[in-house]
Structure formats: C-alpha cells, structure tokens
Amino acid sequence: MSFPSIYVELLLCFQPAEQCKELKLLVDHVTSSSTDADVKLLLEVWWELLKGKRGCLDALDRLFMAQCSRFMISTTEPSPLASKRFKPDPESTSVCMVYILFEGLRKIKEHLTSSELCIFALSNCMDTLYTNYLLSSAADVSIENQLQNISRIVSLKKRNEVKDGFDLIEVIREARRDLAAVVTPAETKPCGVTFIQAMQVTLEIICSWEVMGLLKMPSNDPSVTAIRLKDSLGRVLPSLEQPSLAKDLVGNGQTLNNLRVTLKGLLASLSFTVPECSAAEVANISMTILDHHLEGFEGLPGLFASKLSQDFSEAEWIQCLERNACVFQTKHLLMMLISTLTAKCQSDADVQHCKKLKDIIVDMFSHLSLLDKNATISELLSISRKGLHGFLPSSVTIGFSEELNLAFNSIIQTGANSSLDAAVSAVARVAFQNPEATFRRCCHMAVVNLGAHTLIAKILLQLSGLMSSPGVHNDNLLCRCLQDTVWSKLSSLQEENQFLQFLTELMKCDITGSIGEKRSFLPPEEALRTFVQPFLLPASPNSSNLEFCLRLLQCTLSQETMSDSTHWIMSCSPFPLLYCLAQLLNECNRCWDQPLEGEKPISMESKELLLSVLHTLGIIVGKEVAHAPDVWSRALFWLYSKVEELDWTVRFYLKDVWGKHFKYEVPSSLLSVCDLPEQEWSGLDLPQYGQGTGLVALLECCALSDCVHEAMWESLSLNLLKPDDVNMFSKGMLVAACQILPWCTSGEWERLLKVLQELLQSSKLYVPYSLEYVDFLPLLDLRTFASEMRLSVFFLRVFQLLCSSSCSDWLPPQGWVHTGRLYANAMRGIISSVTEKIPLQSATASPKTSGACSQEVLFVLTQLFCHVLHVQVMIPGQPEVLFLCALEILTHYEAVLSAYPDSCTAMQGLNTRHFFTTIADNLQCADMKAVLHQKITQL
C-alpha cells in the first residue's frame, strides 16, 4: 500500500470531528509549502478519501482505533482548572472534509504548475461534486463497462509501471475501487460548504488554470488521469442539465449556467479518443477475476457464461469454467450456460468440447441445493420435455443411457438401505438431462420391480420441479410416460396394484407450492382425464380395462381436497362422468346375456366396484350441488333427463346427487305391496313390471341400499292374520328371490339375506321345514336353530326352481358359478350362526346342557351338508365353491364331535358316515368325491 492509502486508512479510524482536524493539519502543511510532491500527496489523499475504507478492519486498524479512543477520552475530560465561565460560541459552524479540501485547493491553485496535477485535482473536484451533491443513489454500471474500464486501466498501468513490480491482482482491485468510488453517493452530506460554494470554487480554479494554460492536453496518448477527468465530466454534465437541479438553485442560476458552459468547454478540449481494449484483453482480465475470486464483479459469471464465451478459444474458456465451477452454481447461470452450449452445438464447434461443456454443466447442477435443482428442472421442463437433451444433438448426449441405467440399478440394488438424499440426487441428475427418459424409467421400475413403487414415489415427491405446471391440461409428462411405458402392458394383479399404489402416493397433497398452497405431484384430475375418462364409455374399444379404471377412479376420489374450496372433480365434467357410470351400471343388467361379437360383458366384480365409485362420486357432487344449487341446476336436470332412459334402479344410486330435487320412482306394482308416502315416492308404469311383480320390485329396492331397505320394511303391507296372504307372499318371495339372486353383487346379496332373515323372524315369510333328509324323527329341540334351518331350506327351494327346466337357460356357465358363490357365502353365514351357539370347549359349560346342544348342532350341520351338496348337484357344472363349503361343514362337524364325544354313539356315527357317503356319491367329479369320502371316514 502507498503512503496516502495508509494515511487514509488510519485517518478513517478517528471520529468525524477528529478526522477533520487531522486533515486540516495536512492541508495547512501543504498550503504553507506547496511543492509538487506535497500537492500530489494531498490530491492522492483526497482521492483515497473518495474511495473510502478498504473492506473490513485489520489488526493494525483495530489497535490504532483503540489507542485513538483512549487518547480522545483523556483529552476531552474537563480540567478542574478550566474556567467555569467558558461557553462555546453558538454562532460557530462545523466544517467537513469536503470544505477543507476545496478550501485548501483554492489556496494552492496558483502553486500548481503541472497539467497532470491540475487534471488530477479537477477529477477530484468533479467526483466530489457528483457523489456529494448530484448522486442520490448508486449508479448502475454494466459489467461490460466495468471490464472495459478496468482493462483499460490495467493496460495503461502495465505500460507505465515497471514490469517486475506490477501486481495484476492489486491493480484490478484498485481499478474496481476507483470505479465504485465515483458511482456511489457519499455516506454523509457535506456541512460547512454548499453546492453553490463548491461550484464557485470549481469555477474559480478552472478559470485560473485556463489563464495559466495548464488545461491544454495532447490529442493522442492520453494518461490515466486525463481519461478519468473525461469520464468524470461525462457524469457531471448530464446531472447539471436536470430540470430539478435548476429548480432547487433558484437565484443561483447564473452560477450553474456558468459552470455548465465552462465544463462543456473543458470536455470539448479533451479531444482525444479513449482507447478501447481488445476482446482478448477483456477476456483475460475476466479470467483473472474469476480465477482469483475477486469481489465486486457479481455480473461477471453471467457475462462469462454468455458473451465472453466467444472471445476465448473453446479449450481455454471450458478450462476456466471448470476451474471456477462453484461460481456458476445457480439456476440463472446454468440456464445461460445451456444457451451457450446450444449455440455452440448449432455452430461448427468441436463435438468433444461440447460434450465436455455438457458434463461440466451437469456436474454444476449436481452441486445445487435441492430447491435450486427443482427450480432449474422446472424452468428447463417448461421449454423442452427432454430437458437439457432437448437442445443437443445425439452426438453430444452419447452415454446417457448407460448413466440412466447405472443410476436406477444402484437405487434398486441398495433399496431401503440407500440414503434417500443420494437417490434423489442421482435421479435429479438424470432428470435434468432428460426428464422424459427419467420418467419412463421411473414408471417402468415402479410397476415391474416388486416393492419399488414406494421408493420411486418418495424420490419423485422430493423433485417437485418435475411436476407439470398447474392449470395446463393434456400436458402432464408423467401421465404421458405412464401411458406409453406401462399402461397397456400391465400383465399381473401385482403390477396393477403397484401402479395404483404408485399413483396414490403421487396424488397425495404432500408438496408445498410457491405461495404456501398444498399441491400434488400428480393432480388427481390429470390421472382421471388420462386413465379413466377415455375408457368409461360402454362402447369404448379399451373398455376391457374397465375394472382397473374403476379402481383408479376410486383412488382419485379418495384424495383429500381443501375444505374451503370447490372439489377438484367439479372441473372434470362430473355430470357426464356420472352419466357414463350410470350407463355402465345399466349395462350390468345384461351381464349374463349372450355378448355380441367383440363385446365384453361387465363382470360382477366390476359392478360391485362400479356401485362403490358411483356412491362416492354421488356424495361428493351432491355436496357441491347443495352448496351452490343455482350454479349446477341445469347440469342436474340434464343428468336426470339422460338417466330416465336407463333402468329405474339406476336413479336410486344417484339420490345423493338429486338431494330433494326429485322423488323416488318405482314400478307401480311395488305400491300394491308397500304403503309408500306420496310426498317422496311415485309410481312408474313399466311394461316389464306387470301384475304380481311387486315383490320382485321390493327385493330390488331392498338390495339397493340400507336406507331404501328400511323404508321398504317399514312400509310393507302384509296382514299376518290372513294365512292365504302370508302363503301367497311367501311363494311370491320365493319366485322373486329366484329372479333377483343371479344378478346380485355380494353387497346386494348381503342386504337381501338380511331382509330374508327379518321376514323369517317376524313370521312374514313362511318356510315349512321338510324331513326329506331324515329317515327317523329326531328327538331333539331344534327351536334354537329354526331360523337357520328354514333359511337353508328357502335357498334349497330357490335353487330347485332356478335349476328347473323353465329357468335352466337363464344363465351362462359364469352366471352359475357366480350364483353358486353367493349361495356358498350365505351358507357360510348360516354355519357360523349355528356353531356360535355351542362352545367348542366342553369345560366351559355344564355337560348336561352342552351335550344336549351338541346333538342339535350335529343334526343341523348334517342337514346343511345335504342342502349344500343337493344344490351343487343341481347347478350346471357343479361349482367347486360348494364342494369347499361342504368340506367346511364336515370340518365343523368333526370339531363338535371332538369337543363333545358323548354326543354321538358308535352306531349313530356309523349311520352318519354311511349317510354322508351316500349324499357325496351324487357328485360327478371323482376327485371331489374322493376328498369328501376321505374326510367322512375320519369323522
């Protein structure tokens, strides 16, 4: 550091008042003996004061400041001998360093004999005027201008100074300080000297030196000081032309005008051309700044990443970029580098250099924070779904497939043992290069690799930058990749389940948006539009995916929504969606009809799922309709008019949507069986529901929902005092159950079972128990099991009618299998009810009571075994599910015998085994008979 620099550093450690005192001593010294060396010292101190303190205080500064503080405290304490009558002069005015410097220069102006010193002094005056009086906020100097100025200063100083003592880094730092000093307003406004006074002193000095001929400068080869003066005049003159300045100096306009004219003349006399540095010189300075991490050049990395890339050789520029990679690790700079890389690839740049630059960019991305990674990926994805590779030729992206494989193989192999952060970083790196290829690999692995869906979902939830922009339909990259990669290739139930679980995790609102809102990685509405709506129409060529689509729809509807906002489903055409589901439900009535060529009937499993989805969707839409009926009234009436074309039962499933807008509509024949209130119910004249079909309609209603079932039960009109009515009712229920059973889902059948049990218990359904499987009258009390036995006989009668010649062509083989499954489920319920009435450990009950009860249980199980095998033999194809049910009965029979061995004598056991074997011999399947025979012999 030079002496003026050290002097100013120490001077600035004083308090402001002491600074002025010290500076005044220096000025007084210079004015008393004005040699050129003294004047130069003063001007250099002035210039250092304009530049201010260098960075943070060093150890010497702190030590000096501490000593100054102690000295000032001791000298400012009042002496006990001081006159108590002393009072400071209230008229005295404080002065500042600006006043001292201007006043000192005015005093020594006659002693300056060098043009260089005069130019130096005028530069100080101009910069002091500008920063203290004319500049209100820091002026913005582009990085290009900064580099040009610094490069010029470096070039001139290299020429003027001795090469051995030239410190390039220090020269750049000082040049940066010089530039910052003249574009930054002074920290404190000057006191003791007004702007007018400063202008007057400046005018006086310029006029004096002009007379002395000291302001004549050569037109070529200007010095650093001359260039600085020209730059200073270029800043001051435009500020003096501001109208606001003239308004503030009312009454002093002449002084202002004189200064303008004088400065314009002075600027005109500086006729030399400011030398411009070559692009190569600027580039070298830029590289030096980057390599040494010099402060104050915030815009340089952006310029280096873009424009300056053209001023280097490719190898030199890339090497500098690689050395200083940490400087460029921001989203903005990465995007600039990508633009530069794209431009180079489109030119005749060397492919190897482009590949090297691409690798450097990817490495820089890998070192970003997760937040910046997501922001970068998001911006890149908004331009190209292929990310970085969307801008590059294939020759530059060679090797990406191997990198992609390596990243995902590593994740899958380490699995749960790997760090989630490491996995996220690895996927982010490849996603930055090619989001589409990364998504495709994620989708494939999430579905095909067992258990991988959970880990892949966790990784993607961390990479919110891969999310599609909200509100942009038909442009969800994840959905597109899922469609292309796995949607049509799901080959097993496990893959379907992993697909659903994968989407369910991504649809959760686990991501916080930019304004604090909760967002899903995959919005449910996007999943619905992509994977559900195109496949719901009965005539859709892809309706074979119906059951899976319904499962997916159920998943989307189960996702949470903000309680204070409209449900997302209302933006997805909910009423046409409801109509499509209603159409499908209507098609379920034809599930056992002979399908047309190319048509695939809807399965009972799909119907059950369809009912669940329709119920869930109806509740959601119904709430929205109730909240804003005026908004949705037209859509509501449109839906109702469309559904009128379908089966009457379909409208019941949409009751949550209708609310109180429409009545329940049932076949008129039902009104002859139930006394339903006219305010809520109305009859329909349907040709297929003629006289005597009221009970069919009754059972259909009871199967719809628990609510409707309760309404039917409460309104059922049957006089128990009239045996003929009860008898006719019971026969009608038998025929109705025969007509309803094959078309019931498991849920609907459970409701009908409940209805039948209630009818039996209330004596409204008369089912006499015949002794067709009893050779001798059992001396047992079977009243406890009356309900179970009569219900089993009722089912037997239903199947005797259903399997008779008049009904045998109703169902295809699949229909008989389904009906047998429903019957087996009902019989299992009956078996459980029977066995629950006896404890299987005889120690828990008294031998007298439990032994008697066990005999009744054994008898009932025997009857149930006969009923089940009877029905199995009647049903075409003899479904295996009934064989399994018969095996279960034998297992329960064996358990009761083991718990209560005294409940059956040896003779009774022999007869029972012979009886069971005789019944089992009716089966056609030899394997089934063999298994039953083996089980029977073990009893």
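This is a predicted model, so every value here is computed, not measured.

A. Representation of the overall build of the protein. Broken down by element type, the protein carries 40 helices and four strands. Whereas a compact globule of 939 residues would reach a radius of gyration of roughly 30 Å, the protein reaches 48 Å, over 25% beyond that. Based on the C-alpha atoms only, the size of the protein along its principal axes is roughly 150 × 65 × 65 Å. Within the span of the protein, comprising 939 residues, buried residues form 49% of the whole. Expressed as a percentage of contacts within the protein between residues at least 6 apart in sequence, the contacts between residues at least 24 apart total 77%. Counting only carbon and sulfur atoms, one obtains 54% of the accessible surface of the protein, whose full area is about 45500 Å². Between the mean site of the 76 positive side-chain charges and the mean site of the 102 negative ones, the protein shows a separation of 5 Å.

B. Main features of the side chain of Gln 19. Here Gln 19 lies in helix 2 (residues 16-32). What makes Gln 19 buried here is its relative accessible area of 11%. Every residue in contact with Gln 19, bar those within four places of it in the chain, is listed here: Leu 11, Leu 12, Phe 14 and Met 97.

C. Focus on the packing of helix 19 (residues 400-414) against helix 20 (residues 420-433). Where helix 19 contacts helix 20, the two axes come as close as 10 Å, and the packing angle between them is 160°. Regarding the angle of helix 19 to helix 20, the classification is roughly antiparallel. For the pair helix 19 and helix 20, the sense of crossing is left-handed. Mapping the contact onto sequence places Phe 400, Glu 403, Leu 404, Ala 407, Phe 408 and Ile 411 in helix 19 and Ala 423, Ala 426, Val 427, Arg 429, Val 430 and Gln 433 in helix 20. Taken together, the residues of the contact of helix 19 with helix 20 break down into nine nonpolar, one polar and two charged.

D. Broad picture of unusual backbone geometry. Of note in this structure, His 293 is not a glycine but carries a positive phi near 50°. The residue His 293 is located in the loop between helix 13 (279-291) and helix 14 (300-305) in this model. Here Gln 878, not a glycine, exhibits a phi torsion of approximately 40°, which is positive. Inspection of the secondary structure assignment puts Gln 878 in the loop between helix 37 (847-874) and helix 38 (880-899). For Gln 878, a relative accessible area of 6% translates into the label buried.

E. Layout of the packing of aromatic side chains. The final tally for this structure, using the stated rule, is 33 aromatic pairs. Between Phe 499 and Phe 531, the ring centres sit 5.6 Å apart and the planes meet at 90°, which makes this aromatic pair edge-to-face. Taken as a pair, Phe 499 in helix 24 (residues 493-507) and Phe 531 in helix 25 (residues 524-531) lie far apart in primary sequence, 32 residues in all. For the pair Phe 499 and Phe 531, one class covers both residues: buried. Clustering of aromatic rings is evident, with ring pairs tying together Trp 487, Phe 499, Phe 531, Phe 535 and Phe 548. Sitting over the face of the ring of Phe 272, Lys 230 holds its NZ or CZ atom 4.9 Å from the ring centroid.

F. A look at the nonpolar core. Grouped together as the largest cluster of nonpolar side chains are 252 residues, with contacts concentrated most on Phe 499 and Phe 795. Of all the elements, helix 38 adds the most residues to this core, at 12 residues. Sequence-distant contacts of Phe 795, defined by excluding residues within four places in its chain, comprise Trp 749, Leu 753, Leu 756, Tyr 823, Ala 826, Met 827 and Ile 830. Leu 105, Phe 120, Leu 203 and Trp 209 belong to the second largest nonpolar core, which has 75 residues in total.

G. Local environment of a nonpolar patch on the surface. Where nonpolar side chains cluster on the molecular surface, the patch consists of Leu 771, Leu 777 and Leu 779 and spans about 390 Å² of accessible area. Residue position: Leu 771 is located in the loop between helix 34 (746-761) and helix 35 (786-802). Its relative accessible area of 46% is what places Leu 771 among the partly exposed residues.

H. Layout of the environment of Glu 517. By the element assignment, Glu 517 lies in the loop between strand 1 (511-512) and strand 2 (518-519). A relative accessible area of 28% places Glu 517 in the partly exposed class. Those residues within four positions of Glu 517 in sequence are excluded, and the remaining contacts are Ile 511 and Thr 512.

I. Structural detail: the pattern of salt bridges. Overall, the coordinates contain 39 salt bridges when judged by the stated rule. A salt bridge links Glu 436 to Arg 440; its shortest N-O distance comes to 3.5 Å. Here Glu 436 and its partner Arg 440 are both found in helix 21 (residues 435-448), four residues apart, which amounts to about one turn of the helix. In this structure Arg 440 comes out as partly exposed when scored by relative accessible area, which is 30%. Between Glu 894 and Lys 935 there is a salt bridge, with its nearest N and O atoms 3.3 Å apart. Taken together, the positions of Glu 894 in helix 38 and Lys 935 in helix 40 (residues 926-937) put the pair 41 residues apart, joining distant regions of the chain. Accessibility expressed as a relative area gives 16% for Lys 935, which makes it buried. The network of salt bridges with shared partners includes Glu 48, Lys 51, Glu 174, Arg 177 and Asp 178.

J. Just the confidence of the model for the protein, in detail. Mean pLDDT over the protein: 87, with 91% of residues reaching 70 or higher. In the predicted structure, residues 76-93 sits below a pLDDT of 50 and forms zero contacts with residues beyond four places in sequence or in another chain. Note that residues 842-850 has pLDDT below 50 and, in this model, seven contacts with residues that lie over four places away or in other chains.

K. How the structure looks around a negative patch on the surface. Together, Glu 547, Glu 605, Glu 608 and Glu 750 make up a negatively charged patch on the protein surface. Tracing the backbone through its elements, the reader meets Glu 608 in helix 28 (residues 604-627).

L. The arrangement of helix 21 in detail. Between the first and last C-alpha of helix 21 there are 20 Å, a value that for 14 residues agrees with the 20 Å anticipated at 1.5 Å per step. Taking burial as the measure, the 14 residues of helix 21 include 10 buried ones, the bulk of the element. Buried within helix 21 are the following residues: Pro 435, Glu 436, Ala 437, Thr 438, Phe 439, Cys 442, Cys 443, Met 445, Ala 446 and Val 447.

M. Representation of the side chain of Asn 374 within the structure. With respect to the helices and strands, Asn 374 occurs in helix 18 (residues 370-383). Classification of Asn 374 as buried rests on a relative accessible area of 8%. Setting aside anything within four residues of it in sequence, one finds Asn 374 in contact with Gln 462, Leu 463, Ser 464 and Gly 465.

N. Spotlight on the domain arrangement of the protein. As assigned here, the protein comprises domain 1 (3-73 + 94-270), domain 2 (695-766) and domain 3 (775-839 + 852-938). Averaged C-alpha coordinates put domain 1 and domain 2 at centres separated by 106 Å.

O. Spotlight on the packing of helix 39 (residues 906-920) against helix 40. Contact geometry for helix 39 and helix 40: axes closest at 10 Å, N-to-C directions at 175°. Comparing their axes, helix 40 and helix 39 come out roughly antiparallel. Only Lys 929, Leu 932, His 933, Ile 936 and Thr 937 of helix 40 make contact with helix 39, whose side of the interface consists of Arg 913, Phe 916, Thr 917 and Ala 920. Across the contact of helix 39 with helix 40, the residue classes tally to four nonpolar, three polar and two charged.

P. Structural detail: the environment of Leu 371. Along the chain, the position of Leu 371 falls in helix 18. Residue Leu 371 is classed as exposed on the basis of its relative accessible area of 68%. Distance from Leu 371 to Ala 737, taken between C-alpha atoms, is 64 Å for residues 366 residues apart in sequence.

Q. Focus on the state of the cysteines. Applying the stated criterion across every chain, the model contains zero disulfides. We note that Cys 481 lacks a disulfide partner, and the nearest cysteine sulfur, in Cys 443, lies 5.7 Å from it.

What counts and what doesn't
- Residues numbered from 1 in each chain as written.
- Predicted model: local features only at pLDDT ≥ 70, side-chain atom pairs only at ≥ 80, totals over all residues.
- Heavy atoms only, no water.
- Helix = DSSP H or I, 4+ residues; strand = E, 2+ residues; numbered from the N terminus.
- Rg over C-alpha atoms; globule rule 2.2 N^0.38 Å.
- Buried < 20%, exposed > 50% of the residue type's maximum accessible area, 1.4 Å probe, protein only.
- Contact = heavy atoms within 4.5 Å.
- Areas by Shrake-Rupley, 256 points an atom, 1.4 Å probe, with all protein chains shown as cover.
- Lys, Arg positive; Asp, Glu negative; His and termini not counted.
- Charge placed at Lys NZ, Arg CZ, Asp CG, Glu CD.
- Axes fitted to C-alpha atoms, helices over the stretch in contact; angles between N-to-C directions.
- Parallel < 35°, antiparallel > 145°, perpendicular 65-115°, else oblique.
- Left-handed = near helix turned anticlockwise from the far one by under 90°.
- Nonpolar A, V, L, I, M, F, W, Y, C, P; charged D, E, K, R; others polar.
- Phe/Tyr/Trp six-rings, centres within 6.5 Å; stacked < 30°, edge-to-face > 60°.
- Lys NZ or Arg CZ within 6 Å of the ring centre and 35° of its normal.
- Core = buried A, V, L, I, M, F, W, Y, C linked by side-chain atoms within 4.5 Å.
- Patch = residues over 30% accessible without salt bridge, like charges linked within 9 Å, V, L, I, M, F, W, Y side chains within 5 Å.
- Salt bridge = Lys/Arg side-chain N within 4 Å of Asp/Glu carboxyl O.
- pLDDT = per-residue confidence, 0-100.
- Expected span 1.5 Å × (residues − 1).
- Domains from an automatic or database assignment.
- Disulfide = S-S within 2.5 Å.

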